[in-house]
Amino acid sequence: MAGYILALDQGTTSSRAILYDDHARPIKMVQQPTTLQTPRAGFVEQDALQIWQTQISCAHDVINRAGLLATDVTSIAITNQRESIVMWDKQTGKPLAPAIIWQDRRTADYCKTLATESVNNSMNDSDYQSADSVNMAHEVQRITGLRLDPYFSASKIAWLLENNPKLSVRASRGEIAVGTIDSWLIYKLTGGEHVIDVTNASRTLLFDIHKLAWSEALCDRFAIPMNILPKVLPSDGDFGKTKKGLFAKQIPIQAVLGDQQAALFGQGCLDAGMAKNTYGTGCFMLMNIGQQPKLSEHKLLTTVAWQRKTSPTRPDNLSFDQLVQSGKRMLQPPKKEVTYALEGSIFMAGAIVQWLRDNLGMIKQSSDIEDLARQVDSSKDVVLLPAFTGLGAPYWRSDISASITGMSRGTTKAHIARAALEAVAYQTYDVLIAMQKDSPHPLTELRVDGGAANNDLLMQFQADLLGVPVLRPRDTEITAKGAALLAGLKTGLYDESTMKASWQVDRVFEPSMSIDAREQHLAKWQRAIDRSLMPLSN
């Protein structure tokens, strides 16, 4: 079956479009930058129209540059920055405020206050009654699997409604719509469909990951009318077709995944216990935990990895004659199987290297870090604790500052460079150890992607710390590929063999460090963590 999948990858700093052929091979990519605005401290915004215009421009350009026609495109897949929100007029489709981006911290005080509030009886529905008094932070995690944090969408939406009384009135009349970036793009592509994929819904702080529906109690607590929220669909649902005139034909949108879930799918982590780590500005680690959500006891997030429709099957695997005799339906309707994941976020990974480059001038470009670090065999006692914006999972301490400890007169910039790379691996170790405590499935390998995954020194040190192989694929554009694969499977352009063949190993980093050396490294890191967590003496 010939055809192409058009993958739209809308990220925080750029919009991209990638075309994949009938063997899931990328044939052409177009990218345009987008602009972040920070009008006040803690505010991070984008022009929602710029997001749309750059994304549709990339879509048209990639088809033209590939020498194809829109009629050659079988399906559209979307992957996107998560948690960011857009609010728009349902009639005109015009944004009513700048898009509020996931990095935005304007609601930090609001979330901190709300987290300590006691939960009244109205919040505890009959399915989740608890004999103990709990606060909102606990209740939010119980329902959504997330932490009560401005990182997620709910407080952003609440802020817009609270600080714009006219919007609040219009929301009560059902005149406005709100959604994450996937929802906004689908609305513009289709000319009016107001829908959202389940993985993006699960990042809003308003979605019940057990019932797979919007939580009426949480919407009420955040004072968000449910009529402004989009309809939730499976990740391979039917999201509508592009409106007439946008392309030469109406193209169906048949797969949507949040960016990190798309990377998990693209890495082929389809079985429980498989994990991937994306080494970007920060690190995002996800582990497939199967079809039952397990709330983390070690400060990680539980999220929907994807929801797929299964193929129709004969009931109880009965033969044709048995079916006729039983009077049952020939085929059972397809089920919507849900896969869940544990997630840990590290704030500083590639950003540490950027800091060494831009603030200290130690290197001219980020790729120079490996050669500099290799000038020494060891970082000695030097530890770089990269808490420039606090520590993420599993510590979640915003009050800790960055530091470099263990330096002597013999310390060089090569030692600091090596310590910087080691800091990325140490943080990854901490998160994956927390995942192992939460998950009954032992980690047997870690699949990696992102820019820093091309650093051989870092990947080898990572494997040494974890004690399991680290697998780097040939194709590092995993996010867009994950969404494209899901769309191809939905349309029949791909099958399971295509998916397996599309993931090929570039290099496997096997653990080679002795147990004693590994323990010494981990003890050095733990001492630095312990020092940072100690209260300051008067």
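Use the structure listed above.
A brief report on the enclosed structure follows.

Criteria and thresholds
- Residues numbered from 1 in each chain as written.
- Predicted model: local features only at pLDDT ≥ 70, side-chain atom pairs only at ≥ 80, totals over all residues.
- Heavy atoms only, no water.
- Pairing = 2+ DSSP bridges.
- Helix = DSSP H or I, 4+ residues; strand = E, 2+ residues; numbered from the N terminus.
- Axes fitted to C-alpha atoms, helices over the stretch in contact; angles between N-to-C directions.
- Contact = heavy atoms within 4.5 Å.
- Buried < 20%, exposed > 50% of the residue type's maximum accessible area, 1.4 Å probe, protein only.
- Right-handed = clockwise from strand over helix to strand, strands pointing away.
- Core = buried A, V, L, I, M, F, W, Y, C linked by side-chain atoms within 4.5 Å.
- Parallel < 35°, antiparallel > 145°, perpendicular 65-115°, else oblique.
- Phe/Tyr/Trp six-rings, centres within 6.5 Å; stacked < 30°, edge-to-face > 60°.
- Lys NZ or Arg CZ within 6 Å of the ring centre and 35° of its normal.
- Left-handed = near helix turned anticlockwise from the far one by under 90°.
- Nonpolar A, V, L, I, M, F, W, Y, C, P; charged D, E, K, R; others polar.
- Polar contact = N/O pair within 3.5 Å; in protein donor to acceptor, adjacent residues only side chain to side chain.

Ordered in space as S16-S17-S15-S14-S20-S21-S22, the seven strands form an open sheet in which the pairing is mixed. With partners counted over all chains shown, the strands left at the sheet margins are strand S16 (301–309) and strand S22 (505–509), one partner each. Geometrically, the sheet is characterised by an average inter-axis angle of 25 degrees between neighbouring strands, direction not taken into account.

As a further point, take the sheet that holds strand S1 (residues 4–10). Strand order in the open sheet formed by five strands is S3-S2-S1-S5-S13, and the pairing between neighbours is mixed. Only two strands of the sheet have a single partner each, and these edge strands are strand S3 (26–33) and strand S13 (253–258). Pairs of neighbouring strands in the sheet enclose a mean axial angle of 15 degrees, with direction left out of account. Both strand S5 (residues 73–80) and S13 contribute to a ladder of five bridges, which runs parallel. Note on S13: the bridge partner recorded for isoleucine 78 is valine 256. Lying on the sheet, helix H1 (residues 48–65) is in contact with S1, strand S2 (14–20), S3 and S5; it crosses S3 at an angle near 150 degrees. Along the sheet, helix H6 (residues 181–190) makes contact with S1, S5 and S13, crossing S5 at roughly 145 degrees.

The subject of this paragraph is the pairing of strand S21 (residues 470–473). Neither face of S21 is exposed, since Val470 and Arg472 on one face and Leu471 and Pro473 on the opposite face are all buried. For strand S20 (residues 446–449) and S21, the ladder comprises two bridges, and the chain directions are parallel. By the bridge assignment, leucine 446 is partnered in S21 with valine 470. You can see the chain leave S20, run along helix H14 (residues 456–466) and come back into S21, and the turn it takes is right-handed. Inspection of the sheet shows S21 paired to S22 by four bridges, in the antiparallel sense. Within S22, the position partnered with leucine 471 by the bridge is valine 508.

Attention shifts here to the nonpolar core. Ile157, Leu161, Leu206 and Tyr279 are the most contacted members of the largest nonpolar core, which totals 107 residues. When residues in this core are grouped by element, the largest group, 15 residues, is from helix H13 (residues 413–438). Not counting residues within four places of it along the chain, the set of residues in contact with tyrosine 279 comprises Val424, Thr428, Leu446, Val448, Asp449, Gly450, Gly451, Ala452, Ala453, Leu458, Met459 and Gln462.

Right, let's talk about the packing of helix H4 (residues 154–163) against helix H5 (residues 165–172) for a bit. Put simply, H4 and H5 touch, their axes get as near as 5 Å, and they point 110 degrees apart. As the angle between them shows, H4 and H5 are arranged roughly perpendicular. Seen from H4, the contacting residues are Leu160, Leu161 and Asn163; seen from H5, they are Pro165, Leu167, Ser168 and Ala171.

Once that is clear, we can look at the packing of aromatic side chains. Applying the stated rule across the entire model yields twelve aromatic pairs. Considering the side-chain rings of phenylalanine 43 and tryptophan 159, the 5.8 Å spacing of their centres and the 90 degrees angle between planes classify their relative orientation as edge-to-face. Of this pair, phenylalanine 43 sits in the loop between S3 and strand S4 (45–46) while tryptophan 159 is found in helix H4, placing the two residues 116 residues apart along the sequence. Given the relative accessible area of 21%, tryptophan 159 is considered partly exposed. Taken together, a centroid distance of 5.3 Å and an interplanar angle of 55 degrees make the contact between tryptophan 88 and tryptophan 184 tilted. Here tryptophan 184 lies in helix H6 and tryptophan 88 lies in strand S6 (residues 85–89), a separation of 96 residues in the sequence. In this structure, tryptophan 88 and tryptophan 184 share a single accessibility class: buried. An aromatic cluster of three or more residues is present, and its members are Trp88, Trp184 and Tyr187. Of note, arginine 106 hangs over the ring of tryptophan 159, and the distance from its end group to the ring centre comes to 4.5 Å.

Our focus in this paragraph is the packing of helix H11 (residues 350–358) against H13. For any two helices packed against each other, the geometry is given by the interaxial angle and the distance between the axes. Where H11 contacts H13, the axes come no closer than 9 Å and their chain directions differ by 160 degrees. One element, H11, and the other, H13, form an angle in the roughly antiparallel class. As H11 runs across H13, the sense of the crossing is right-handed. Contact with H11, carried on its side by Ile352, Val353 and Leu356, involves Ile416, Ala417, Ala420, Leu421, Ala423, Val424 and Gln427 of H13 and no other residues of that element. Its residues assigned to classes, the contact of H11 with H13 shows nine nonpolar, one polar and no charged.

Counting buried positions over the eight residues of helix H9 (residues 259–266) gives eight, a clear majority of the element. Turning to H9, its buried residues are Asp259, Gln260, Gln261, Ala262, Ala263, Leu264, Phe265 and Gly266. Phi turns positive, to about 75 degrees, at glycine 268, one or two residues after H9.

This paragraph deals with the side chain of threonine 278. Along the chain, threonine 278 falls in strand S14 (residues 275–279). A polar contact is formed between the side chain of threonine 278 and the side chain of aspartate 449, at a distance of 2.8 Å.

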